[in-house]
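Chain residues, written in single-letter form:
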Protein chains: 4
Amino acid sequence: MATAHRHKLRLDPKTREEARRRLLSIRGHVEGVLRMLEAEDVYCVDVLKQLKAIEGALDKVGELVLRSHLRDHVVTAHERGDVDTIVEELLEVLKYR
Amino acid sequence: MATAHRHKLRLDPKTREEARRRLLSIRGHVEGVLRMLEAEDVYCVDVLKQLKAIEGALDKVGELVLRSHLRDHVVTAHERGDVDTIVEELLEVLKYR
Amino acid sequence: MATAHRHKLRLDPKTREEARRRLLSIRGHVEGVLRMLEAEDVYCVDVLKQLKAIEGALDKVGELVLRSHLRDHVVTAHERGDVDTIVEELLEVLKYR
Amino acid sequence: MATAHRHKLRLDPKTREEARRRLLSIRGHVEGVLRMLEAEDVYCVDVLKQLKAIEGALDKVGELVLRSHLRDHVVTAHERGDVDTIVEELLEVLKYR
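Treat the numbers as computed from the prediction; the structure is a model and nothing was measured. (Residues numbered from 1 in each chain as written. Chains lettered and ligands numbered in written order. Predicted model: local features only at pLDDT ≥ 70, side-chain atom pairs only at ≥ 80, totals over all residues. Heavy atoms only, no water.)

Student: Would you mind showing me how to read the relation of the copies chain C and chain D here?
Tutor: Put simply, the two copies of the chain differ by a rotation about an axis and a shift along that axis. The two copies are related by a screw motion: chain C maps onto chain D through a turn of 180 degrees and a shift of 0.0 Å along the axis, at an RMSD of 0.0 Å. The transformation just described matches what one would write down for a two-fold rotation axis. A high fraction, 100%, of the interface residues of chain C reappear at the interface in chain D, so the copies pair face to face through one surface. (Least-squares fit on C-alpha atoms with pLDDT ≥ 70 in both. Contact = heavy atoms within 4.5 Å.)

Here's what the structure looks like:
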């Protein structure tokens, strides 16, 4: 998992900040579902709807980070000389996305 | 969203407890990613891996709740007389799952 | 795979016909992509777009069949007495949907 | 859809051939489901299993083409000067994958 190129490549600060902001909101959403689950009469489908909404919000964060990674690191991999690593680790993370 | 049958149908207590337990762990996982994102040298693919792991954990909670809903409420819908509502709200929540 | 209840439960004729109609169109779509792939200058992203469209069309067929299964067989499982089989085989097929 | 860079970028011949081979098999699989649907006693879940298997096979073709696109075109986008197009069209096709 610790690969040589990791030390050179970094998530850009603006995307990092935006991802943080969104994850804070996702944490709040998870806490909302935890509160829902304290009620004895919570209905299954209402829980399923909230879980789906949280996954949608996580997908959005993933898309942000992926766009940033593509623009900053993937499109320059040939110049940098780490094509194999970049492509295989990206395919791994895209599986079943 | 508030449907007549909601007041009668409840997530069973054991599943509710198990879902809570898992969501507490998911909240911890989200907080872990928030800490990762504080580091200036965090690598995009490491963030994407963690987001994917969190989605996998949410899928597990969803499967638990879905199994419970199917066993306790869906298989008895015809007897209860709320087939239309049960089927349509379930299909809605399964979309793009 | 061959379960006792299979011999009693059948996909309703109207849905069966609609599924057939849609799958004929999907076969045509697959043949369209096969023709695309004969061209030496086909572009990767154009192929990916078509594959995605075919998966979308298959999802639609799946939703049709699932709705029919829920309405005709799942909501009556308790009356029929095959809850365990119905729930587990359904969860199996919904995984990673 | 017709973009300037399309005329320069092509799916590599080996991947094109492998994708064709797999799509021929997928067409056969679709025809198998069409035959299943001719039987009056076909069971819903058996159809759903086959649809899921076909989607799995399409995902495999998609992964092949995506790997080839990443290696041949995405990692060289910066050198070529079409980063914006390459990144946005890729993100579009990866959505809900």
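Student: Looking at this model, I keep getting lost on the interface of chain A and chain B. Mind explaining?
Tutor: Where the parts come together, the accessible area they lose is often given as the size of the interface. Counting residues at the interface gives 47 residues for chain A and 47 residues for chain B. Taking both sides of the interface into account, the surface hidden between chain A and chain B amounts to around 4,700 Å²; carbon and sulfur atoms contribute 67%. Seen at the junction of chain A and chain B, the total is four salt bridges. For Glu31 of chain B, the salt bridge is made with Arg27 of chain A, and the minimal N-O distance between the two is 3.5 Å. On inspection of chain A and its partner chain B, the count reaches 18 residue pairs in polar contact (both at pLDDT 80 or more). When contributions to the side of chain A that touches chain B are tallied by element, the ones reaching two or more residues are α1 (13-36), α2 (44-74) and α4 (83-94) of chain A. It is α2 of chain A that provides the largest number of residues to the side of chain A that touches chain B, a total of 18 residues. Of the residues assigned to the side of chain A that touches chain B, the class counts are 26 nonpolar, four polar and 17 charged. (Buried area = accessible area lost by both parts, 1.4 Å probe. Salt bridge = Lys/Arg side-chain N within 4 Å of Asp/Glu carboxyl O. Polar contact = N/O pair within 3.5 Å; in protein donor to acceptor, adjacent residues only side chain to side chain. Helix = DSSP H or I, 4+ residues; strand = E, 2+ residues; numbered from the N terminus. Nonpolar A, V, L, I, M, F, W, Y, C, P; charged D, E, K, R; others polar.)

Student: Looking at this structure, how should I read helix α1 (residues 13-36) of chain D?
Tutor: An α-helical turn contains 3.6 residues, so any two residues separated by three or four positions project in the same direction. If you check α1 of chain D, its first and last C-alpha atoms are 35 Å apart, about what 24 residues at 1.5 Å a residue would give, namely 34 Å. What α1 of chain D keeps buried is the set Thr15, Arg16, Ala19, Leu23, Ile26, Val30, Val33 and Leu34 of chain D. On its buried face, α1 of chain D is in contact with α1 (13-36) and α2 (44-74) of chain C together with α2 (44-74) of chain D. (Expected span 1.5 Å × (residues − 1). Buried < 20%, exposed > 50% of the residue type's maximum accessible area, 1.4 Å probe, protein only.)

Student: Explain the interface of chain C and chain D to me, please; I cannot follow it from the model alone.
Tutor: Facing the 47 residues of chain C at the interface are 47 residues of chain D. Of the roughly 4,700 Å² buried between chain C and chain D on both sides combined, carbon and sulfur atoms contribute 67%. On the chain C side of the interface with chain D, the three residues burying the most area are Arg16, Leu37 and Tyr43 of chain C, jointly 14% of the side's total. On inspection of chain C and its partner chain D, the count reaches four salt bridges. A salt bridge links Arg20 of chain C to Glu38 of chain D; the nearest nitrogen and oxygen atoms lie 3.4 Å apart. Here chain C is connected to chain D by 18 residue pairs in polar contact (both at pLDDT 80 or more). Sorting the residues of the side of chain C that touches chain D by element identifies α1, α2 and α4 (83-94) of chain C as the ones contributing at least two each. Top element by residues in the side of chain C that touches chain D is α2 of chain C. It accounts for 18 residues. Broken down by class, the residue content of the side of chain C that touches chain D amounts to 26 nonpolar, four polar and 17 charged.

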